Amino acid sequence: MIDANSMPQSVLVFGGGSEIASEVLQILAERRLETVVLCGPGFESMERVRSKIQTVSSAKVDLVHFDVAQANEVAKAADHIFSEYGPIDCVILAAGVLGDQLRDEESPEEVIKVTNVNYVGPAALLTAVRNQLLRQGYGQIVVLSSVAGERVRRSNYIYGASKAALDGFALALGESLADKGIYTLVVRPGFVKTKMTEGLKAAPLSQTPKQVASQIVKAMEQQRTLIWSPPAIRYVMSLYRHLPRAIASKIPM
Amino acid sequence: MSQLEKLEGSALRIEEPRVVSGWGRTPRSLGRTLRVDGQSTEEKEARLSEALSDKALLGVVPRGLGRSYGDSATLAAGLLSDPEDWKDTFELDPHSSTLEVSSGFSLDEIMRKIVPRGFFVPVTPGTRYVTVGGAIASDIHGKNHHVEGSFAKHIRSMTLVSPTGIKNLCQDDNEFKATAGGMGLTGFVSKAVIDLIPIKTSKVFVTTKVTKDLAETVEELKTNDSRYRYSVAWIDCMAKGGTLGRSVITWGEHLEDLDHRSAEDPLHFDPKFVASIPDIAPSWLLNKFSVRVFNELWYRKGKLAKETSIESIETFFHPLDMVGDWNRLYGQKGFLQYQFVIPFEAEATLERIVKVLSDAAVPSFLAVLKRFGPESGNYMSFPKPGWTLALDIPAHRFGLGEMLDALDAMVVAEGGRVYLAKDSRVSKELIAIMYPELKRFQETAEALDPNFIFQSDMSRRLGLRG
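Just so it is clear, the model here is predicted, and its values are computed rather than measured. (Residues numbered from 1 in each chain as written. Chains lettered and ligands numbered in written order. Predicted model: local features only at pLDDT ≥ 70, side-chain atom pairs only at ≥ 80, totals over all residues.)

Our next topic: the UniProt feature "domain: FAD-binding PCMH-type" (unreviewed entry) in chain B. Following the UniProt record, the feature "domain: FAD-binding PCMH-type" (unreviewed entry) maps to residues 28-199 of chain B here. A distance of 41 Å separates the end C-alpha atoms of residues 28-199 of chain B, which is 21% helix and 28% strand. (UniProt positions renumbered as here; feature names shortened; annotations may be inferred. Helix = DSSP H or I, 4+ residues; strand = E, 2+ residues; numbered from the N terminus.)

Right, let's talk about the packing of helix α1 (residues 19-29) of chain A against helix α2 (residues 43-56) of chain A for a bit. Residue and element names in this part refer to chain A. Relative orientation of the contacting elements α1 and α2 amounts to 20°, with a least axis distance of 9 Å. Considered as vectors, α1 and α2 are oriented roughly parallel to each other. When the axes of α1 and α2 are compared, the crossing they make is right-handed. Side by side, α1 and α2 meet where S22, L25, Q26 and A29 of the first sit next to V49, K52, I53 and V56 of the second. Partitioned by chemical class, the residues of the contact of α1 with α2 number five nonpolar, two polar and one charged. (Axes fitted to C-alpha atoms, helices over the stretch in contact; angles between N-to-C directions. Parallel < 35°, antiparallel > 145°, perpendicular 65-115°, else oblique. Left-handed = near helix turned anticlockwise from the far one by under 90°. Contact = placed C-beta atoms within 7 Å. Nonpolar A, V, L, I, M, F, W, Y, C, P; charged D, E, K, R; others polar.)

A separate point is the interface of chain A and chain B. Each side of the interface is counted separately: chain A has 21 residues, and chain B has 24 residues. At the level of secondary structure, the elements contributing two or more residues to the side of chain A that touches chain B comprise α5 (108-136) and α7 (209-222) of chain A. A total of three residues in the side of chain A that touches chain B trace back to one element, the largest contributor, which is α7(A).

A separate point is the sheet that holds strand β2 (residues 35-40) of chain A. Residue and element names in this part refer to chain A. In spatial order, the strands read β3-β2-β1-β4-β5-β6-β7; together these seven strands make up an open sheet with parallel pairing. Because the sheet does not close on itself, it has two edges, and the strands there are β3 (60-65) and β7 (226-229). Between one strand and the next, the sheet's axes are offset by a mean angle of 15°, whatever the strand orientation. Bridge count between strand β1 (residues 10-14) and β2: five bridges; the pairing is parallel. Note on β2: the bridge partner recorded for F14 is C39. Across the face of the sheet, α1 comes into contact with β1, β2, β4 (90-93) and β5 (139-144) while running at roughly 175° to β1. (Pairing = 2+ DSSP bridges.)

The subject of this paragraph is the pairing of strand β20 (residues 367-372) of chain B. All names here are of chain B. The buried fraction of β20 is high, at five of six residues. Here β20 runs beside strand β21 (residues 386-394); their pairing, made up of five bridges, is antiparallel. Paired with K370 across the bridge in β21 is T388. (Buried ≥ 20, exposed ≤ 12 C-beta atoms within 10 Å, placed from the backbone.)

Written as structure tokens, this is what we have:
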């Protein structure tokens, strides 16, 4: 169950190999965490997350194979996970793929792949999760979006557009669940130094997964529904969003 | 759902899911109200008992007026009872000073009927808006605990509807000890016979003492409590430095006789709402500045008060009841109450805890400090000899969880415990240490309810049912 400080005892992660989710779990493990279910396509990265959690706590961690890109299958898979492990206090959606803009922008197939992993699969999955949380009568959802979704930029518009769709979907889903006792947090990180961004030049205001995670847990405790990480990037994005197109298009972003 | 079909057509009805929380409005969950129709308490007991014998029944938690602060009377995807269904029995016996009463009646409803006839409830908390069922489930205490103990001590007998049948329980029964203070987890209390206090007037003779710091507060309570039936200190946990722990202490006695001016209606009792709080307060309304100003005013008002005065029952016992829905003052994000007890000899720890709260500038209205009397012997009852401190804190503030965990550690190290009726955040590991009879409680509850039908969000969070 979830306590009055929003600390969950059981957490289900989609994108179970995510470094940000891993850091979130390590913080939660110091509070009330007892059981974790990691779902993802790759067991190697999930094993790493499991051993990290178990160095700081005695929480039980289970691994489940799950591919968010199979949009037609995710609901059935999610229902199965809930019937096995439910009720589940907190669901973290951390699945995502950055893609390679320069390669992908020529390939309709790659665009479909990125969009499936970042939006189509997650949207179907969040809908299944919504139904399960309503059935169990309580719960939390944490969705990792991106500042890339706030204002899609030409330097990564395939990823950005998929995150924009997810961001809007998750925010409105959260609003629709707020008066049903279910709490939703949408997180918009800026540049985070992870495997996903390996080899890329770090953007200004870049963060470590640990920094993002501590802001996520803080936001949960404060019951905020939308945060930026780092908080300052909110104002940068706000400014950028309001730039006239003629000027914005001249900025190499 | 086959369950719904089955219950349809019987005397039980299940309402649509709704968001339910405790008085602190956090945490929340979706539950359904279980309504029981019938002509008498006995008829309803029989119908409820039959429904509970169905192993496939959804979980059930008894719920009264929802005044416990946390998650003890909520159950996600489960069923909640409705106090309106349990108001058929009300038999006052003036000769034996006892009242046989259905569990859904509130202390407010009871007082309105018995005070004009010269009786008072044996124990009242800071609000009249608790049901008899809730008072038993939390084994509530009041300003007279140091003399008269907690609520269940004044129960002659009670009827428990559990999945293994309808039982009449008395003080010495194992099931009684598990049910009193058992947070509704052993079954449903449908009615009880309560010992009442005879009173001659509806007034309280009040002695007020304002203290300058915690040491003086502690000294005054230790020295003078035994002289009074009712005692409590309103303590300012936001005061700093030399004024840390300054308090307004009030002691009281039921007034024996009135002077000629109001002697015409000495048992008059008709408390009214002064105002009601609309649900528009923002969560930042109560902050360290606004609350500090309030506490300062309260303290100065205490200083101006006469040393002795005559007050009505409602102003002495239930000042907050004059303001309807005052929990809305904390806004949508809600609040929690932290209440613990530590042994008398742990005064130094009490001071350290008050200092932690003051240093953290937690915007807390005047907290309540009181000395408890002996333990009840009920397995999960909260009071034990020592100091109890209770304070309201706005929820969902960063760092609050860790701060309270640190206070828990200090409380447990002294052999103290927190009050389950207030709790919404204590860690599971500490419960067995705080409540050494937990195991016996669990065994008794399991014998009464082997299929674990009686649960709550709290019992799931803390593993109270094992």
